[in-house]
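Tertiary structure, described
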Amino acid sequence: MVKYFLGQSVLRSSWDQVFAAFWQRYPNPYSKHVLTEDIVHREVTPDQKLLSRRLLTKTNRMPRWAERLFPANVAHSVYILEDSIVDPQNQTMTTFTWNINHARLMMVEERCVYCVNSDNSGWTEIRREAWVSSNLFGVSRAVQEFGLARFKSNVTKTMKGFEYILAKLQGEAPPKTLVETAKEAKEKAKETALAATEKAKDLANKAATKKQQQQQQFV
């Protein structure tokens with residue numbers, strides 16, 4: 001049994017901009033799990049299509065129940081191959097990715113098609129498919145459920161990372177990460193609390209002064 005994912009996303013940037021950002025999206029604040037990327041093959045076909053193969057290294061933190069099934073010395077890094085076909089004439093880019101280690105534990109295969117959005121030619125549409133499988137006897141279903149949930153989470157990070165890089169390439173202020181937003185909110189809360197404390201002290205001092213003046217009037 002294989003878990004299947006089908007999704008569609010839209011980036012509010014042109015296909016050319018997304019194509020350029022695709023090769024520059026690492027590192028970004030949402031891709032800390034991506035450790036390395038290397039181009040291992042690249043060629044231009046006679047019909048002017050760009051073929052590329054990249055090797056990516058990503059961290060692969062297992063759930064606790066899965067760690068019990070594997071020795072402590074098992075590598076937690078995942079090696080992923082990514083093949084891509086870019087057709088500039090038709091403005092499409094198709095990518096295929098799959099992991100080449102830990103395949104017995106879990107195999108995740110993904111296919112993405114980047115094309116011009118049908119409703120807005122200035123936007124880019126991403127059609128994404130994924131297949132999650134496992135050959136572990138007795139726990140394959142649990143592994144697949146975990147893999148699908150993690151994949152969905154990573155898709156969200158991927159889109160945020162894309163938006164971040166696109167903003168930088170277009171000279172805009174990149175969207176703030178949740179950590180940065182939380183940090184700003186914390187600092188603002190501190191400033192508000194400090195201002196409230198100073199105001200309370202000022203009011204207390206004024207009240208004390210007024211009380212002292214009243215007491216002096218009755219002396």
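The structure this text deals with has already been given above.
Residues numbered from 1 in each chain as written. Predicted model: local features only at pLDDT ≥ 70, side-chain atom pairs only at ≥ 80, totals over all residues. Heavy atoms only, no water.

1. Things to note about the pattern of salt bridges
This model, assessed by the stated rule, comprises nine salt bridges. With a closest N to O distance of 3.6 Å, R25 and E82 form a salt bridge. One end of the pair, R25, is in the loop between α1 (15-22) and β2 (34-44); the other, E82, is in strand β4 (residues 77-87), and 57 residues separate them in sequence. As far as burial versus exposure is concerned, R25 and E82 are alike and both buried. Of the charged contacts, one joins R127 and E125 as a salt bridge, the two residues approaching to 2.7 Å between their closest N and O atoms. A residue is classified by how much of its surface remains accessible, and R127, at 44% relative accessible area, is partly exposed. For E125, a relative accessible area of 5% puts it in the buried group. Each member of the salt-bridge network shares a partner with another, and the members are R25, E37, R54 and E82. (Salt bridge = Lys/Arg side-chain N within 4 Å of Asp/Glu carboxyl O. Helix = DSSP H or I, 4+ residues; strand = E, 2+ residues; numbered from the N terminus. Buried < 20%, exposed > 50% of the residue type's maximum accessible area, 1.4 Å probe, protein only.)

2. A closer look at α1
Buried within α1 are the following residues: W15, V18, A21 and F22. All buried residues of α1 project into a common sector of 125° when viewed along the axis, lining one side. (Arc of directions from axis to C-beta.)

3. Observations regarding the side chain of S52
Locating S52 in the fold gives a position in strand β3 (residues 50-59). Here the side chain of S52 touches R42 through a polar contact of 2.9 Å, side chain to side chain. (Polar contact = N/O pair within 3.5 Å; in protein donor to acceptor, adjacent residues only side chain to side chain.)

4. Focus: the sheet that holds β4
Strand order in the open sheet formed by seven strands is β1-β7-β6-β5-β4-β3-β2, with antiparallel pairing between adjacent strands. Pairing within the sheet leaves two strands with one partner each, and these edge strands are β1 (3-11) and β2. Averaged over neighbouring strand pairs, the angle between their axes works out to 15° when direction is ignored. Where strand β6 (residues 107-116) lies against strand β7 (residues 124-133), 10 bridges are found, and the strand directions are antiparallel. Counterpart to E110 in the pairing with β7 is A130. Against the sheet, helix α3 (residues 140-169) touches β1, β6 and β7, its axis set at about 15° to β1. (Pairing = 2+ DSSP bridges. Axes fitted to C-alpha atoms, helices over the stretch in contact; angles between N-to-C directions. Contact = heavy atoms within 4.5 Å.)

5. A word on α3
For α3, spanning 30 residues, the distance from its first C-alpha to its last is 42 Å, which sits close to the expected 44 Å at 1.5 Å a residue. A positive backbone phi angle near 75° is found at G171, which sits one or two residues after α3. (Expected span 1.5 Å × (residues − 1).)

6. Looking at the packing of aromatic side chains
Scanning all chains against the criterion turns up seven aromatic pairs. Centroid distance F5 to F151: 5.3 Å. Interplanar angle 65°. Geometry classified as edge-to-face. Pair noted here: F5 is in strand β1 and F151 is in helix α3, with a separation of 146 residues, a long-range link. With relative accessibility at 9%, the residue F151 sits in the buried group. A connected cluster of aromatic rings, assembled from ring pairs, spans W15, F19, F22, W23, Y114 and F162. A cation over a ring is seen here: R42 above W23, with NZ or CZ 4.6 Å from the ring centre. (Phe/Tyr/Trp six-rings, centres within 6.5 Å; stacked < 30°, edge-to-face > 60°. Lys NZ or Arg CZ within 6 Å of the ring centre and 35° of its normal.)

Spatial relationships are all this shows, so hold off on functional conclusions.
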